[in-house]
Amino acid sequence: MADNHEKIATYIRQNEKYYIQRLAEVVAIPSVSGEAARRPDVFRMGEWLVNELKRLGASVETRAPGKQTLEGKELDLPPVVLGTYGTDAKKKTVLVYGHYDVQPAFKSDGWNTDPWTLVEDSQGRLLGRGSTDDKAPVISWLWVIEAHQKLGIDFPVNLKMCFEGMEESGSEGLDEIIYAEADKYFKDVDCVCISDNYWLGVEKPCLTYGLRGISYFNLTVSGPGKDLHSGVFGGTVHEPMTDLITLMSKLVTVDGKILVPGVYDDVAPRTEAEDKLYQNLAFKLDDIHSATESKTTIFDTEKEVLMARWRNPSLSLHGIEGAFYSPGAKTVIPAKVIGKFSIRTVPNQEPAKITELVRKYIESEFAKLKSKNTISVDCGHAGKWWVADVNHWNYVAASKAVQKVFKASPDFTREGGSIPVTLTFQEALKKSVLLLPMGKSDDGAHSINEKIDKRNYIEGINLLSSYLHEVGVVQV
Ligand SMILES: C[C@H](N)C(=O)N[C@@H](Cc1c[nH]cn1)C(=O)O
Ligand SMILES: [Zn+2]
Ligand SMILES: [Zn+2]
């Protein structure tokens, strides 16, 4: 196996240009799940995966998750792509998951280059929307298959792949498919691996065993029957924006404390064992300063920053639909505005309870305004937090793979982001789920100038391959 590891690693390094060119191909497909106009591109990206899987000899099935209403239009949800490579009863079966949709991106947001054209800069960074989240990790599974074929090396496991196109928009319909297929398509799965998050810092690889959940809210304030002239009607009507901004200002303090009563009640108390976890991690305040390109952190110690990210809930205000936001000076009173905010949830918070607390609080604050406008509060999508057992052989195998590829033992980390399907896999399949990130903390996922470092991409392919080989030799 040692020889195979070296052979594969050498082959992958030699084919760096090919892998970059293939990444450029998929970055050029603007598969934004959150924009109705981009839905055909999400489908196109799904088809790209289907075709590549077929080219590599995998058997491919798709599942249609149904329909959704977005921007007033009824749209088909993009397919869940299911690929199977190998069905040898003597081998372990590894299920890998990733998503082929991406966050929106506009050059005018502040990108230095066109978000849909992969650009390699002088520092070896591969810039483009979806480069790190999650296109490079998803296609890397394909390159692992291809490298084995080119080298004539026996594939170490049976691989089942599940790629979805709605992760950035709440994974609509996916849970139902996983539960329905638990005893069918996913029947023989022994463990699950997801590559869709980031190293804690920029130097050291990590394995991730926990995620926060997310409850995403829409707070709608409606008033006049149409947008109004502020010179004619300003001061005469209750303005939806004024109500909305008043309500949104009551959700969270400037230092991140959530103001919704009861929201902290179910947060798990800290333990001594947990306190020790924060020691000796490869994480410095400089890492968050470079990742945020600022020194705007609320906390001044690494431990407080990590606790805020991993084990405490947070509430972020994201935007206002219907508000005037363009350059210029339009003197409008918007008739209806929708405030968007989300709460990242942690053990042992329950999404249903969080929704009720938020609704009750906003309604009581709105009543105090004595406005004649109307409001509605709804939770657009919610996914639960997840924590895994790091002593499982799945983690041991991944740890050995990291050691082989990076000559370092990984940190064990939790993550502030959310991948709700992680918990679904754990609960529906009753198997260990591992997060094996490829990218770094400063990759700028969801932000402008998103990138993955060339080294992380290329060695990431190696890492996924080594991980499969380590799983292949596990005796249980
Ligand atoms: C961690 C993962 N790569 C990610 O970015 N997840 C998103 C999921 C999401 C949920 N609602 C919208 N997007 C995230 O954590 O924001
Ligand atoms: Zn992602
Ligand atoms: Zn994402």
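On a predicted model such as this, the values are computed, not experimentally measured, just so you know.

Concerning the overall build of the protein
Piece 1. Check the secondary structure of the protein and you find 14 helices and 20 strands.
Piece 2. The globule rule puts the C-alpha radius of gyration for 476 residues at 23 Å, and the 23 Å found for the protein is close to it.
Piece 3. Here the protein holds 476 residues, and 54% of them are scored as buried.
Piece 4. Partitioning the contacts of the protein with sequence separation of at least 6, the portion at a separation of at least 24 is 80%.
Piece 5. For the protein, the accessible surface area stands at approximately 20,700 Å², while carbon and sulfur atoms represent 51% of it.

Some words on the coordination of the zinc ion (ligand 2)
Piece 1. Around the zinc ion (ligand 2), the donor atoms from the protein are His99 (NE2), Asp133 (OD), Asp196 (OD) and Asp196 (OD), and they sit 2.0 to 2.7 Å away.
Piece 2. Binding-site remark: the zinc ion (ligand 2) is held by donors from one chain whose sequence spacing is H-x33-D-x62-D.
Piece 3. The distance between the zinc ion (ligand 2) and the zinc ion (ligand 3) comes to 3.3 Å, with Asp133 serving as a donor to both metals. Taken together, the residues span a long stretch of sequence, with His99 in strand β5 (residues 93-99) and Asp196 in the loop between β9 (191-194) and β10 (206-211) at a distance of 97 residues.

Digging into the packing of aromatic side chains
Piece 1. Applying the stated criterion to the full structure yields 10 aromatic pairs.
Piece 2. On the basis of an interplanar angle of 35 degrees and a centroid distance of 6.0 Å, the ring pair of Tyr19 and Trp143 is categorised as tilted. Here the residue Tyr19 occupies a position in helix α2 (residues 16-27), and Trp143 occupies one in helix α4 (residues 131-151), the gap between them amounting to 124 residues.
Piece 3. You can call Tyr19 buried: its relative accessible area is 1%.

What to know about a nonpolar patch on the surface
Piece 1. Residues Val232, Phe233 and Val237 make up a contiguous nonpolar surface patch of about 220 Å² in total accessible area.
Piece 2. Relative to the elements of secondary structure, Val237 occurs in the loop between α6 (230-233) and α7 (240-248).
Piece 3. Take Val237: its relative accessible area is 31%, and that puts it in the partly exposed class.

Here's the deal with the coordination of the zinc ion (ligand 3)
Piece 1. Protein-derived coordination of the zinc ion (ligand 3) comes from Asp133 (OD), Glu168 (OE), Glu168 (OE) and His446 (NE2), at a distance range of 2.0 to 2.6 Å.
Piece 2. Here the donor residues for the zinc ion (ligand 3) map to a single chain with the spacing D-x34-E-x277-H.
Piece 3. Relative accessible area serves as the criterion here: at 4%, Asp133 is assigned to the buried category.
Piece 4. For Glu168, a relative accessible area of 15% puts it in the buried group.

Here's the deal with the UniProt feature "binding site: Mn(2+) 1" (unreviewed entry) in the protein
Piece 1. Taken from the UniProt record, the annotation "binding site: Mn(2+) 1" (unreviewed entry) applies to Asp133, Glu168 and His446. Across 314 residues in sequence, these annotated residues keep their C-alpha atoms within 9.7 Å of one another, forming a single compact spot.
Piece 2. If you trace the backbone, Asp133 turns up in helix α4.
Piece 3. Among all residues touching Asp133, those that are not within four sequence positions of it are His99, Asp101, Val102, Glu168, Asp196, Tyr198, Ala445, His446 and Glu450.
Piece 4. Separated by 2.9 Å, the side chains of Asp133 and His99 make a polar contact.
Piece 5. Considering the arrangement of structural elements, one finds His446 in the loop between β19 (432-435) and β20 (451-453).
Piece 6. Judged by relative accessible area, which is 41%, His446 ranks as partly exposed.
Piece 7. Apart from the residues within four sequence positions on either side, His446 is in contact with Gln103, Arg129, Asp133 and Glu168.
Piece 8. In terms of polar contacts, His446 uses its side chain to reach the side chain of Asp133, at 3.0 Å.

What to know about the site of ligand 1
Piece 1. Lining the immediate surroundings of ligand 1 are Asp133, Glu167, Glu168, Asp196, Tyr198, Ile214, Arg344, His381, Gly417, Ser418, Ile419 and His446.
Piece 2. Residue Asp133 places a side-chain N or O atom 3.4 Å away from a nitrogen atom belonging to ligand 1.
Piece 3. Residues of the shell around ligand 1, tallied by class, amount to three nonpolar, four polar and five charged.
Piece 4. For the shell around ligand 1, the two domains that each supply at least three residues are domain 1 (2-211 + 385-473) and domain 2 (213-268 + 311-383).

As for the domain arrangement of the protein
Piece 1. Entries for the protein in the domain assignment read domain 1 (2-211 + 385-473) and domain 2 (213-268 + 311-383).
Piece 2. Computed over C-alpha atoms, the centres of domain 1 and domain 2 are 34 Å apart.
Piece 3. Across the contact, 10 residues belong to domain 1 and 11 residues belong to domain 2.
Piece 4. For the pair domain 1 and domain 2, the summed buried surface comes to about 760 Å²; carbon and sulfur atoms form 60% of the total.
Piece 5. Interface area lost by domain 1 to domain 2 is led by Trp385, Arg414 and Ser418, which between them contribute 66%.
Piece 6. At the boundary of domain 1 with domain 2, the tally comes to zero salt bridges.
Piece 7. Summed over the shared surface of domain 1 and domain 2, the result is four residue pairs in polar contact (both at pLDDT 80 or more).
Piece 8. Classifying every residue of the side of domain 1 that touches domain 2 gives four nonpolar, five polar and one charged.

A closer look at the nonpolar core
Piece 1. Leu23, Phe186, Phe425, Leu436, Tyr457 and Tyr467 are the most contacted members of the largest nonpolar core, which totals 91 residues.
Piece 2. Ranked by residue count, the leading element in this core is α4, at nine residues.
Piece 3. Once residues lying within four places of it in the same chain are set aside, the contact partners of Leu436 are Cys193, Ile194, Ser195, Asn197, Leu207, Ala398, Val402, Leu463, Leu464 and Tyr467.
Piece 4. One finds Phe217, Leu244, Leu247 and Phe366 within the second-largest nonpolar core, a separate group that totals 22 residues.

About the cut-offs
Residues numbered from 1 in each chain as written. Chains lettered and ligands numbered in written order. Predicted model: local features only at pLDDT ≥ 70, side-chain atom pairs only at ≥ 80, totals over all residues. Heavy atoms only, no water. Helix = DSSP H or I, 4+ residues; strand = E, 2+ residues; numbered from the N terminus. Rg over C-alpha atoms; globule rule 2.2 N^0.38 Å. Buried < 20%, exposed > 50% of the residue type's maximum accessible area, 1.4 Å probe, protein only. Contact = heavy atoms within 4.5 Å. Areas by Shrake-Rupley, 256 points an atom, 1.4 Å probe, with all protein chains shown as cover. Donors = N, O, S within 2.8 Å, 3.2 Å for Na, K, Ca; no water. Phe/Tyr/Trp six-rings, centres within 6.5 Å; stacked < 30°, edge-to-face > 60°. Patch = residues over 30% accessible without salt bridge, like charges linked within 9 Å, V, L, I, M, F, W, Y side chains within 5 Å. Salt bridge = Lys/Arg side-chain N within 4 Å of Asp/Glu carboxyl O. UniProt positions renumbered as here; feature names shortened; annotations may be inferred. Polar contact = N/O pair within 3.5 Å; in protein donor to acceptor, adjacent residues only side chain to side chain. Near = heavy atom within 4 Å. Nonpolar A, V, L, I, M, F, W, Y, C, P; charged D, E, K, R; others polar. Domains from an automatic or database assignment. Buried area = accessible area lost by both parts, 1.4 Å probe. Core = buried A, V, L, I, M, F, W, Y, C linked by side-chain atoms within 4.5 Å.

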